[in-house]
Amino acid sequence: MTYCSTPGKVILFGEHAVLYGEPSIAVAINRRFYCDITESKRDRTTVNGYPLARRYHSYIVECLNKLEVEDELEIKTETELDSGTGMGSSAAITVAILGALRKLLGEDISEEIIAKDAFSVEFDVQGNASPIDTSTSTHGSAIMVSEKKEKNFLWDVEKEGRRWNIHHRDVPDLTLVVGNTGVHSPTPPLVKKVRKFYERSNFAKEVIRDIGEIVRESCVLFEEEDLEGLGELMDKNHRLLSILGVSHPKLEKLIKGARKYSYGAKLTGAGGGGSMIALTDRPDKVADVIKKKGGEPYVLDSTDKGLSYHGGKEI
Ligand code: MEV
């Protein structure tokens, strides 16, 4: 039996811009995905007792294909990451399943190998994607993805002629509140919408570059542990994302409410609905406002703990 877990993540800066060569920073959070995998005594692979089906388990099917697993397995999962909340549930599932499978098969379980495979699976399932979610879920702490190689370089990832350098970033302990709008908003159409705007407009290209500049500025503020400065940058980053057309009236409502008790707030992930995030030292107040405005709050802390193997504990 292999039992392992992976953290979710939230993108602090640089979503969308990361698909155009700009940097992005995400932080691992203290909500996790857990799985254990054993060889099955039955003649088929099951997930939580149900037969494996691409329709319900697309990421798991792709992980099994990636590692060319033919044995029948019993896969059990548990999650603290609701899907569609911007907390990286699909990346966490992918990293944990690949990590558990590799361990069960006696293969290399280094972070780099697992993160690269996980990105490739996410790319195959989702289409256009950056490696920010899967790298953060594997490594924990915070990850900066950028075109340029910088200090604390971990590994690089290449896909379809693009290269991303993955870096470890130290961040101070952060208290964050995610507010889910409840508006379902799949990533691929939003990525396409921004791409269209980008290809047609020099103004959109400038906005993307400005987001990149914000990410670079944030690196200095993380080192200085300047939460007020980081909050201001979050507000700025959100304005630019709104200009790109990926905000939503419900996001605006939650962000406006949360800002009263926060250093800063912005949408997180692809936008168009989904979730916002606030950096705060008054998480209960922010959570209350989010609830009052019709959102679902999640109070989170950052964590250093990435993919972890746990001996003997069954789900
Ligand atoms: C989605 O979580 C973030 C995007 O930048 C896409 C990606 O980086 O894969 C919109």
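Residues numbered from 1 in each chain as written. Predicted model: local features only at pLDDT ≥ 70, side-chain atom pairs only at ≥ 80, totals over all residues. Heavy atoms only, no water.

A. Looking closely at the packing of aromatic side chains. Inspection of the entire model under this criterion finds five aromatic pairs. Plain terms: the ring middles of tyrosine 20 and tyrosine 198 are 4.2 Å apart, the flat faces sit at 35° to each other, and that makes the pair tilted. One end of the pair, tyrosine 20, is in the loop between strand E1 (2-13) and strand E2 (24-39); the other, tyrosine 198, is in helix H5 (residues 187-200), with 178 residues separating them in the sequence. Take tyrosine 20 and tyrosine 198: they sit in the same class, and that class is buried. Considering the side-chain rings of phenylalanine 119 and tryptophan 164, the 5.6 Å spacing of their centres and the 85° angle between planes classify their relative orientation as edge-to-face. Of the two residues, phenylalanine 119 sits in helix H3 (residues 111-126) while tryptophan 164 sits in strand E8 (residues 162-169), which places them 45 residues apart along the sequence. Since its relative accessible area comes to 2%, phenylalanine 119 is described here as buried. With a relative accessible area of 4%, tryptophan 164 lands in the buried category. An aromatic cluster of three or more residues is present, and its members are Phe119, Phe123 and Trp164. (Phe/Tyr/Trp six-rings, centres within 6.5 Å; stacked < 30°, edge-to-face > 60°. Helix = DSSP H or I, 4+ residues; strand = E, 2+ residues; numbered from the N terminus. Buried < 20%, exposed > 50% of the residue type's maximum accessible area, 1.4 Å probe, protein only.)

B. Region of interest: the layout of surface pockets. The computed volume of the largest pocket comes to approximately 1,000 Å³. Taken together, 48 residues form the lining of the largest pocket, with Tyr59, Gly84, Ser90, Gln126 and Thr187 sitting closest to its centre. Broken down by secondary-structure element, the contributors of at least two residues to the lining of the largest pocket are E1, helix H1 (58-66), strand E5 (73-79), helix H2 (89-104), H3, helix H4 (132-139) and H5. Taken together, domain 1 (3-170) and domain 2 (175-301) each give at least three residues to the lining of the largest pocket, which thus spans both. (1 Å grid on protein atoms, 1.4 Å probe; cavity = no way out; pocket = protein on both sides within 12 Å on 5 of 7 lines; lining within 4 Å. Points joined across faces, edges and corners; volume = space filled by probe spheres on them. Domains from an automatic or database assignment.)

C. Broad picture of empty space enclosed by the protein. If you walk through the whole model with that rule in mind, you get one cavity of 30 Å³ or more. For the largest cavity, the full set of lining residues is Leu12, Phe13, Leu174, Leu176, Phe222, Leu230, Met234 and Leu279. Broken down by secondary-structure element, the contributors of at least two residues to the lining of the largest cavity are E1 and helix H7 (227-243).

D. Up close: the domain arrangement of the chain. What the domain assignment lists for the chain is domain 1 (3-170) and domain 2 (175-301). For domain 1 and domain 2, the distance between their C-alpha centroids amounts to 23 Å. The interface of domain 1 with domain 2 comprises 30 residues on the first partner and 38 residues on the second. Across the domain 1/domain 2 interface, buried area totals approximately 2,800 Å², and carbon plus sulfur atoms make up 64% of it. A salt bridge links lysine 266 to glutamate 15; the shortest N-O distance between them is 2.8 Å. Between the two partners, domain 1 and domain 2, sit 12 residue pairs in polar contact (both at pLDDT 80 or more). Within the residue set of the side of domain 1 that touches domain 2, elements represented by two or more residues are E1 and E2. Of all the elements, E2 adds the most residues to the side of domain 1 that touches domain 2, at seven residues. For the side of domain 1 that touches domain 2, a count of residues per class yields 14 nonpolar, nine polar and seven charged. (Contact = heavy atoms within 4.5 Å. Buried area = accessible area lost by both parts, 1.4 Å probe. Salt bridge = Lys/Arg side-chain N within 4 Å of Asp/Glu carboxyl O. Polar contact = N/O pair within 3.5 Å; in protein donor to acceptor, adjacent residues only side chain to side chain. Nonpolar A, V, L, I, M, F, W, Y, C, P; charged D, E, K, R; others polar.)

E. Representation of H1 within the structure. When we look at burial in H1, the residues that qualify are Tyr59, Ile60, Val61, Glu62, Cys63 and Leu64. Packed against the buried residues of H1 are strand E3 (46-47), E5, H2 and H3.

F. Spatial organisation of the nonpolar core. Ranked by size, the top nonpolar core spans 90 residues in total, and within it Val10, Leu12, Phe13, Leu101 and Met276 carry the most contacts. For this core, the element with the most residues is helix H6 (residues 202-223), which contributes nine residues. In terms of domain composition, this core takes at least three residues from each of domain 1 (3-170) and domain 2 (175-301). Apart from residues lying up to four places away in sequence, leucine 12 is in contact with Ile25, Ala26, Val27, Leu174, Leu176, Phe222, Met234, Asn237, Lys266 and Ile277. (Core = buried A, V, L, I, M, F, W, Y, C linked by side-chain atoms within 4.5 Å.)

G. Molecular detail of a negative patch on the surface. Together, Glu39, Asp43, Glu68, Glu70, Asp71 and Glu72 give the surface a local cluster of negative charge. Note on placement: glutamate 68 falls in the loop between H1 and E5. Owing to a relative accessible area of 66%, glutamate 68 belongs among the exposed residues under this scheme. (Patch = residues over 30% accessible without salt bridge, like charges linked within 9 Å, V, L, I, M, F, W, Y side chains within 5 Å. Areas by Shrake-Rupley, 256 points an atom, 1.4 Å probe, with all protein chains shown as cover. Lys, Arg positive; Asp, Glu negative; His and termini not counted. Charge placed at Lys NZ, Arg CZ, Asp CG, Glu CD.)

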